Amino acid sequence: MAAQIIDGKKIAAQVNEESRKEISMLARDHNFQPGLAVILIGEDPASQVYVNMKDRKCRELGIYSAKHVLAAATPQEEVLELIAQLNHDPKINGILVQSPPPPQIDEEQVVAAVDPAKDVDCFHPQNVGKMFIGRQDGFFPCTPYGVMVLLERSGIDPAGRHAVIVGRSNIVGKPMLALLVQKTAGANATVTCVHSRTRSLPELTRRADILIAAIGKPEFITADMIRENAVVVDVGMNRVEDAGTQRGYRLVGDVKFDEVAEKAAFITPVPGGVGPMTIAMLMHNTIKACKMQHGIKI
Ligand code: GUN
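These numbers were taken from a predicted model, which means no experiment stands behind them.

The rules behind each value
- Positions within a chain are numbered from 1, following the residues in the order the chain's sequence is written.
- Residue-level local features of this predicted model are given only where pLDDT is at least 70; pairs of side-chain atoms are given and counted only at 80 or more, and the full residue set underlies all totals for whole chains, interfaces and linings.
- Values shown for side chains rest on all heavy atoms present in the structure; no hydrogens or waters enter the calculation.
- The helix count covers DSSP runs of H or I at least four residues long, the strand count covers runs of E at least two residues long, and both are numbered beginning at the N terminus.
- The atom set for the radius of gyration is the C-alpha atoms, and the globule formula is 2.2 Å times the number of residues raised to the power 0.38.
- Each residue gets one of three labels from its accessible area relative to the maximum for its type: buried under 20%, exposed over 50%, partly exposed in between, using a 1.4 Å probe on protein chains only.
- Whether two residues are in contact is decided by their heavy atoms: any pair within 4.5 Å suffices.
- How far a helix is expected to stretch is found by multiplying one less than its residue total by 1.5 Å.
- Residues belong to a common nonpolar core when they are buried Ala, Val, Leu, Ile, Met, Phe, Trp, Tyr or Cys residues joined through side-chain atoms within 4.5 Å.
- Neighbouring residues are identified by heavy atoms, a residue being near a molecule or strand if any of them is within 4 Å of it.
- Residues adjacent in sequence count toward polar contacts only when both atoms are side-chain atoms; beyond that, a polar contact is any pair of N or O atoms within 3.5 Å, and within protein one must be able to donate a hydrogen and the other to accept it.
- The Shrake-Rupley method, run with a 1.4 Å probe sphere, supplies the accessible areas, and residue values consider only the shown protein chains as cover.
- When residues are grouped by polarity, Ala, Val, Leu, Ile, Met, Phe, Trp, Tyr, Cys and Pro land in nonpolar, Asp, Glu, Lys and Arg in charged, and all others, Gly among them, in polar.
- Within 6.5 Å between ring centres, the rings of Phe, Tyr and Trp (the latter by its six-membered ring) count as paired, and their orientation is classed by plane angle as stacked under 30 degrees, edge-to-face over 60, tilted in between.
- For a ring to carry a charge above it, either NZ of a lysine or CZ of an arginine must fall within 6 Å of the ring centroid while also lying within 35 degrees of the normal to the ring plane.
- Patch membership is restricted to residues that have no salt bridge and whose relative accessible area is over 30%. Joining uses 9 Å for like charges and 5 Å for the nonpolar side chains Val, Leu, Ile, Met, Phe, Trp and Tyr.
- Salt bridge criterion: a side-chain nitrogen from Lys or Arg within 4 Å of a carboxyl oxygen from Asp or Glu.
- Charged-residue counts in this description rest on Lys and Arg as positive and Asp and Glu as negative, His and the chain ends being excluded.
- Here the site of a charge means NZ on Lys, CZ on Arg, CG on Asp, or CD on Glu.
- DSSP calls a pair of strands paired once it identifies at least 2 bridges connecting them.
- Note on handedness: a clockwise path from strand one over the helix to strand two, with the strands aimed away from the viewer, defines a right-handed crossover.
- Comment: axis = line fitted to C-alpha atoms, over the contacting stretch for helices; angle = value between 0 and 180 degrees taken between N-to-C directions.

*Asks:* Describe the overall build of the protein chain, naming the residues involved and giving the relevant values.
*Replies:* Counting its secondary structure elements, the protein chain contains 10 helices and 11 strands. Taken against the 2.2 N^0.38 rule, which gives 19 Å for 298 residues, the C-alpha radius of gyration of the protein chain at 19 Å falls within 12% of a compact globule. Taken over the C-alpha atoms alone, the protein chain extends approximately 50 × 45 × 35 Å along its principal axes. The burial tally for the protein chain puts 51% of its 298 residues in the buried class. For the protein chain, the proportion of contacts with a sequence separation of at least 24, taken over those separated by at least 6, is 71%.

*Asks:* Please provide a residue-by-residue account of helix H6 (residues 142–153), values included.
*Replies:* With 12 residues, H6 extends 16 Å between its outermost C-alpha atoms, agreeing within 8% with the 16 Å of an ideal straight helix rising 1.5 Å per residue. Counting buried positions along H6 yields 10 of 12 residues, so the element is predominantly enclosed. If you check which residues of H6 are buried, you get Cys 142, Thr 143, Pro 144, Tyr 145, Gly 146, Val 147, Met 148, Val 149, Leu 150 and Leu 151. Among the structural elements, helix H1 (8–30), helix H7 (173–181), strand E7 (210–213), strand E8 (231–234) and helix H10 (274–293) are those in contact with the buried residues of H6.

*Asks:* Please give an account of the nonpolar core that cites residues and values.
*Replies:* Membership of the largest hydrophobic core comes to 55 residues, with the highest contact counts inside it found for Leu 180 and Ile 212. Ranked by the residues each element gives to this core, the list is headed by H10, at 10 residues. Once residues lying within four places of it in the same chain are set aside, the contact partners of Leu 180 are Met 148, Leu 151, Pro 158, Ala 163, Ile 165, Ala 187, Asn 188, Ala 189, Val 191 and Ile 212.

*Asks:* Could you give an account of the site of the ligand, with specific residues and numbers?
*Replies:* Taken together, Lys 54, Leu 96, Val 97, Gln 98, Ser 99, Asp 121 and Phe 123 make up the full set of residues near the ligand. Measuring from a nitrogen atom of the ligand, one finds a side-chain N or O atom of Gln 98 at 3.2 Å. For the ligand, whose free accessible area comes to 280 Å², the fraction covered by protein is 84%. Within the shell around the ligand, the residues separate by chemical class into three nonpolar, two polar and two charged.

*Asks:* Any chance you could break down the packing of aromatic side chains for me, citing the residues and the numbers?
*Replies:* Per the counting criterion, the structure on display carries one aromatic pair. Ring centres 5.1 Å apart and planes at 90 degrees place the aromatic pair Phe 140 and Tyr 145 in the edge-to-face group. Residue Phe 140 is classed as buried on the basis of its relative accessible area of 16%. Over the aromatic face of Phe 140 sits the side chain of Lys 288, whose NZ or CZ is 5.8 Å from the ring centroid.

*Asks:* A description of a negative patch on the surface should follow, citing residues and the corresponding values.
*Replies:* On the surface, a cluster of negative charge is made up of Glu 219, Asp 224, Asp 258, Glu 259 and Glu 262. Relative to the helices and strands, Glu 219 resides in the loop between E7 and E8. Given the relative accessible area of 34%, Glu 219 is considered partly exposed.

*Asks:* Outline the pairing of strand E6 (residues 190–194), listing residues and values.
*Replies:* Across five bridges, strand E5 (residues 162–166) lies against E6 in parallel orientation. Residue Val 166 lies in a different strand from E6, and its bridge partner there is Val 194. The β-α-β motif built from E5, the intervening H7 and the parallel element E6 has right-handed crossover chirality.

*Asks:* Explain the sheet that holds strand E2 (residues 35–41) residue by residue, including any values.
*Replies:* Pairing within the open sheet is parallel, and its three strands lie in the order E3-E2-E4. Unpaired on one side and paired on the other, strand E3 (64–70) and strand E4 (94–97) mark the two borders of the sheet. Taking each pair of neighbouring strands and ignoring which way they run, the sheet shows an average axis angle of 15 degrees. Taken together, the seven bridges between E2 and E3 define a ladder with parallel strand orientation.

Any functional reading would require information that these geometric values do not contain.
Below you can see the structure in the form of structure tokens.
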């Protein structure tokens, strides 16, 4: 039996509609417009696409968007100066530095320079800490948060089920672990995180009721690595060369979609699964940041 496709575009559209209403309410009742600053350093083509998508979604929903594109050779000090300026700019409620930055940039220092109240990516150590201990007055990182909302709105409750995360990045794998294990509605999973150093990785992925693939390797997860009727969430976004397409590449996830879809109960497609949710949760976080900065109830 073929899996049910989880439609990330549709669920993201619902979340965005809720955001649009919140933005109208903020304008009507408080005369505030949420603002997001996105910083892109360099010319990585994939990052350019993501940053433009974020900018466009802000405009669509009525969020003020300030896009700062810096040359690839920009020194660290200049990035830090821009962040300091944005930290003090009252029009800006959220600040995001697109990852990965060029090699001369110390990302850890850049992330720590963002005012935690404006850290809508939830990359600042203070917000990572809040997320880990289950506090609601920080942020949740956009991609893992998007996965939680996808599961919830698809009627999949992780409580008591075995979630296996493939990958341990700071952007996805590690925070995914924290959100899924949390003692809160929509979470309460038993969590295993597997990675490049894991022994007998397929034995562990086969024990997953919910498998989250976030390892950044095209079509890494094959049908023999999953359990019959598993829920499979594909966070991967890999460009693979394809001379037969106009762009010269195609996007594939970390899951071998066709064969895994035959065995899974639910699966997210790439594109159109987790990707749109990441942006929807970024918009949601920007609105939350605006409310918290103005002392409005969240
Ligand atoms: N690069 C890939 N995903 C993300 C993200 O969620 N935020 C930022 N800033 N950079 C990314």
